[in-house]
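Observations on the three-dimensional arrangement
Below are the chains, spelled out letter by letter.
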Amino acid sequence: MNILINQIGYMPEARKVAAVRGGLFQNAEILNEKDQAVLCVPVSSEKTSIWGDEVSYADFSELHVPGKYVVKIGDERSYPFEIAKDVYGKCLTALVDMFYYQRCGCDLSSDIGAFKHSACHMTKARVYGTQEYREVSGGWHDAGDFGRYIVPAAKAVCDLLIAYEWNKKAFEKAGITEIIGETKWELMWMLKMQREDGGVYHKATCASFCDMIMPDEEKEEIILSPVSTTATGDFAACMAMAYRFYKDADGAFALEMKNAAVKAWEFLQNNGAILFKNPAGITTGEYGDDCDQDERLWAAIELFRLTGEKKYEEAALSMIGDFDFTLAPLGWADVSGYAAIEGMDLEGELGEKCRQWVKTAAESRYKGINAYGIAMTDSLPWGSNMDVSDDGMLFYCAWKLTGDEKYREAMHKQLNYILGVNPMGYSYVSGFGTKCMRYPHHRPSIATGVCQPGMLSGGPASGMMDPVAKEFLQGKSAGKSYIDDHGSYSTNEICVYWNSPLVALMAAVKAE
Ligand SMILES: [Zn+2]
């Protein structure tokens, strides 16, 4: 496929540009469902080299009429796409429903078809290195495995709440459950992960990954890995942030979160960095991190926003100068971008610094945008589609802050890349697009033989970090270091915190 379009489609007023590779073509025709040409546009004569492709463009933005179309150039046709006002409605719903499918400790035996299972992981968890047991049922399975980890959970919850706050109207018809109710499921679990002294256990998993089975078939002992200050900082930030979403409708729950956040902050004040490494005998996802300053900063900003208390503002101001303003990552390891975007609306010096940070970081990412519309070059990290979606969120913030349309367009480019305008010609969301991800590294999809819809693949990763990637991706360029295979966990796993920024990005585009 050499004509790359967003395989779901476009909103009527959106910019619509096909990336075209190979051949020397002059014109592109847009055909409707009756195969009639409704528009003819030039293919740009300039080509840009990227990842082994020579890319030019066909801009058909002037087509606004709702309908189903293909782009035809020479004898080749693109995959079909749609132009419609609510073109992303079904996909956004599926992306949100994914969190319900990922529920742990919940009887999902009636309403999710092939993926039904009884309440899983209900036994008490043993605190690592002790004979103490705690009840920590609930939450979401993190990814293609059934572990539950605080650090990525905080990112996922924050993204979903932000997505909802930024663009409520995008969620009018969302999902089996409302987004706020779904997020509460995870928050309730997170509360159980806090120790009496305020510290938060890093994760609740079995000692190792299980076979490709359904969640209720995993019966090994659940172990609570030791407390870390990265988990505790993320927890404090997340709980403090979540307060404002529940305070009116669910006051008691909101207050519980506020108290938990303050307690977690006190733990951080009483302890230096406790960085997490998998302890002996535990081999599940580590979510290790060599720095907890960004988690502390995010927590300080959220607690200041929540309470208005000077001590949090002073703590944030004392730390914020140490950060590189060209970077505002919205990752699970470096969460400093959440500090920046959550502090944007604050008054005074702290708010000014946060706004400056968002602008500087967005401009730095914007300058790095390549011929496929994303800010990446010769190496792509594990979970690169998360970075693309995160950049979409950052561009959204910069657009809202500055009013500069170039950021809005950049935001659209991130979504178009995810849904088909990429060197693989894939829609990286299962169930959406003609050529979409079908073989995710996701135990329920493997166990049932049915690909669960509405999941974002991690996408190309240039490091060849699993046996399938090593076997099949040797010599591929970074943007093509992807294989749609159950075994390629480094390029084709799914995660709650990869879906979550895509929810925020798609909602932002959909709400326009
Ligand atoms: Zn479970």
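Note that the structure is predicted; figures quoted are calculated from it, not measured. (Residues numbered from 1 in each chain as written. Predicted model: local features only at pLDDT ≥ 70, side-chain atom pairs only at ≥ 80, totals over all residues. Heavy atoms only, no water.)

A short note on the overall build of the protein
Threshold: Secondary structure elements are defined from DSSP: runs of H or I of at least 4 residues count as helices, runs of E of at least 2 residues count as strands, and each element is numbered from the N terminus. The size measure is the radius of gyration over C-alpha atoms, and the globule rule it meets is 2.2 Å times the number of residues to the 0.38 power. Think of it in three bands: residues with accessible area under 20% of the maximum for their type are buried, residues over 50% are exposed, and the middle band is partly exposed, with areas taken using a 1.4 Å probe on protein chains only. We call two residues in contact whenever any of their non-hydrogen atoms come within 4.5 Å of each other.
Along the backbone of the protein there are 15 helices and 17 strands. Taken against the 2.2 N^0.38 rule, which gives 24 Å for 512 residues, the C-alpha radius of gyration of the protein at 23 Å falls within 12% of a compact globule. In terms of overall dimensions, the protein has a C-alpha envelope of 70 × 55 × 45 Å along the principal axes. Classification of the 512 residues of the protein by burial places 59% in the buried group. Restricting to contacts in the protein with at least 6 residues of sequence separation, those with at least 24 account for 71%.

Brief notes about the nonpolar core
Counted only if it meets this: Joining through side-chain atoms within 4.5 Å is the link that ties buried Ala, Val, Leu, Ile, Met, Phe, Trp, Tyr and Cys residues into a set, and such a set is a nonpolar core. Either an automatic procedure or a domain database provided the assignment from which the domain bounds are taken.
With 154 residues, the main nonpolar core has Leu187, Met190, Tyr246 and Val503 as its most contacted residues. A per-element tally of this core places helix H4 (residues 229–246) first, with 12 residues. Mapping this core onto the domain boundaries places at least three of its residues in each of domain 1 (88–290) and domain 2 (309–369). Those residues in contact with Leu187 that lie beyond four places of it in its chain are Val157, Cys238, Met239, Ala242, Tyr246, Phe253 and Met257. Membership of the second largest hydrophobic core comes to 19 residues, among which are Leu39, Val41, Tyr69 and Phe81.

A few points about the coordination of the zinc ion
The line we're drawing: Metal donors were taken as nitrogen, oxygen and sulfur atoms no farther than 2.8 Å from the ion, or 3.2 Å where the ion is Na, K or Ca. Water is excluded, so coordination may look unfinished. A site with four donors is called tetrahedral when every donor-metal-donor angle falls between 85 and 135 degrees; four donors are called square planar, and six octahedral, when opposite donors sit more than 155 degrees apart and all other angles fall between 65 and 115; any other arrangement is irregular.
Coordination of the zinc ion by the protein is provided by Cys104 (SG), Cys120 (SG), His121 (ND1) and His141 (NE2), with metal-donor distances spanning 2.0 to 2.3 Å. Around the zinc ion sit 4 donor atoms, and with donor-metal-donor angles ranging over 102 to 117° the site reads as tetrahedral. Here the donor residues of the zinc ion are spaced in sequence according to C-x15-C-H-x19-H. Here Cys104, found in the loop between helix H1 (89–101) and strand S11 (125–127), pairs with His121, found in the loop between H1 and S11; they are 17 residues apart in sequence, far enough to count as distant. Residue Cys104 is classed as buried on the basis of its relative accessible area of 0%. Among the residues examined, His121 registers a relative accessible area of 8% and is labelled buried.

Some remarks on the packing of aromatic side chains
Within a pair of aromatic rings, the relevant descriptors are the distance that separates the centres and the angle that separates the planes. Convention followed: Aromatic pairs are defined between Phe, Tyr and Trp rings, using the six-membered ring for Trp, whenever the two ring centres lie within 6.5 Å; interplanar angles under 30 degrees are classed as stacked, those over 60 as edge-to-face, and all others as tilted.
Applying the stated rule across the entire model yields 27 aromatic pairs. Ring geometry for Trp265 and Tyr312: centres 5.5 Å apart, planes at 75°, overall edge-to-face. Here Tyr312 lies in helix H7 (residues 310–320) and Trp265 lies in helix H5 (residues 251–270), a separation of 47 residues in the sequence. Exposure remark for Trp265: the relative accessible area of 5% places this residue in the buried category. Looking at Tyr312, the relative accessible area reads 1%, which means it is buried.

Quick word on a nonpolar patch on the surface
Here is the rule: Here a patch means residues that are over 30% exposed by relative accessible area and free of salt bridges, tied together within 9 Å if like-charged and within 5 Å if nonpolar (Val, Leu, Ile, Met, Phe, Trp, Tyr). Calculation of accessible area relied on Shrake-Rupley with a 1.4 Å probe; when residues are assessed, cover is drawn exclusively from the protein chains displayed. In the sections that follow, a salt bridge refers to a side-chain nitrogen of Lys or Arg positioned within 4 Å of a carboxyl oxygen of Asp or Glu.
On the surface, a cluster of nonpolar side chains totalling about 260 Å² of accessible area is made up of Trp382, Met465 and Tyr489. Mapped onto the secondary structure, Tyr489 falls in helix H14 (residues 489–492). Using a relative accessible area of 31% as the deciding quantity, one classes Tyr489 as partly exposed.

Looking at the pairing of strand S4 (residues 27–31)
Consecutive side chains of a regular strand alternate in pointing toward one face of the sheet and then the other. Note the cut-off: Whether two strands pair comes down to DSSP finding at least two bridges between them.
Two strands pair when backbone bridges link them, and S4 and strand S5 (residues 37–42) are joined in this way by 5 bridges, in the antiparallel orientation. Note that in S5 the partner of Leu31 across the bridge is Ala37. Two successive antiparallel strands, S4 and S5, enclose a turn made up of 5 residues, where Asp35 displays a positive phi of approximately 70°. In terms of strand pairing, S4 meets strand S8 (residues 67–73) through 3 bridges, oriented antiparallel.

Here's the deal with the sheet that holds strand S15 (residues 203–205)
Strand order in this open sheet of 5 strands is S12-S11-S16-S15-S13, and the pairing throughout is mixed. Where the open sheet ends on each side, the last strands, each with one partner, are strand S12 (133–134) and strand S13 (148–149). Two strands pair when backbone bridges link them, and S13 and S15 are joined in this way by 2 bridges, in the antiparallel orientation. Bridging across to S15, Tyr149 finds its partner in Lys203.

Things to note about the pattern of salt bridges
Across all of its chains, the model carries 29 salt bridges by this definition. For Asp59, the salt bridge goes to Arg15, with nearest N and O atoms at 3.0 Å. Note that Asp59 is positioned in strand S7 (residues 53–59) and Arg15 in the loop between strand S2 (9–10) and strand S3 (17–21), a separation of 44 residues in sequence. Note on Arg15: relative accessible area 39%, which makes it partly exposed. Across the pair Asp391 and Arg365 runs a salt bridge, and its minimum N-O distance is 2.9 Å. Remark: Arg365 occurs in helix H9 (residues 348–367) and Asp391 occurs in helix H10 (residues 384–402); sequence separation between them is 26 residues. Overall, the relative accessible area of 24% leaves Arg365 in the partly exposed class.

Overview of the environment of Lys367
Checked against the element boundaries, Lys367 lands in helix H9. A relative accessible area of 66% means that Lys367 is categorised as exposed. Between the C-alpha atom of Lys367 and that of Leu394, which follows or precedes it by 27 residues, the distance is 13 Å.

So, helix H6 (residues 293–307)
Applicable threshold: Each residue after the first adds 1.5 Å to the expected span of a helix.
With 15 residues, H6 extends 21 Å between its outermost C-alpha atoms, agreeing within 8% with the 21 Å of an ideal straight helix rising 1.5 Å per residue. The buried fraction of H6 amounts to 11 of the 15 residues, a majority that puts the element mostly inside the structure. Every buried residue of H6 is accounted for by Asp294, Glu295, Arg296, Leu297, Trp298, Ala299, Ala300, Ile301, Glu302, Leu303 and Phe304. Buried residues along H6 sit against helix H2 (150–166), H4, H5, H7, helix H8 (336–343) and H9.

Considerations on the domain arrangement of the protein
Going by this rule: Whenever a nitrogen or oxygen atom comes within 3.5 Å of another N or O atom, the pair is scored as a polar contact, on the condition that within protein one atom can donate a hydrogen and the other can accept it, and that pairs from neighbouring residues in sequence are kept only if both atoms are in side chains. Lys, Arg, Asp and Glu make up the charged group, whereas Ala, Val, Leu, Ile, Met, Phe, Trp, Tyr, Cys and Pro make up the nonpolar group; the residues left over, Gly among them, are polar.
Examined at the domain level, the protein breaks down into domain 1 (88–290) and domain 2 (309–369). On a C-alpha basis, the centres of domain 1 and domain 2 stand 25 Å from each other. With 15 residues of domain 1 at the contact, the number on the domain 2 side is 10 residues. Along the contact surface separating domain 1 from domain 2 lie 1 salt bridge. A salt bridge links Arg244 to Glu342; its shortest N-O distance comes to 3.0 Å. Seen at the junction of domain 1 and domain 2, the total is 4 residue pairs in polar contact (both at pLDDT 80 or more). Every element with two or more residues in the side of domain 1 that touches domain 2 is listed here: H2, H4 and H5. Top contributing element to the side of domain 1 that touches domain 2 by residue count: H2, with 7 residues. The residue makeup of the side of domain 1 that touches domain 2, split by class, is 9 nonpolar, 1 polar and 5 charged.

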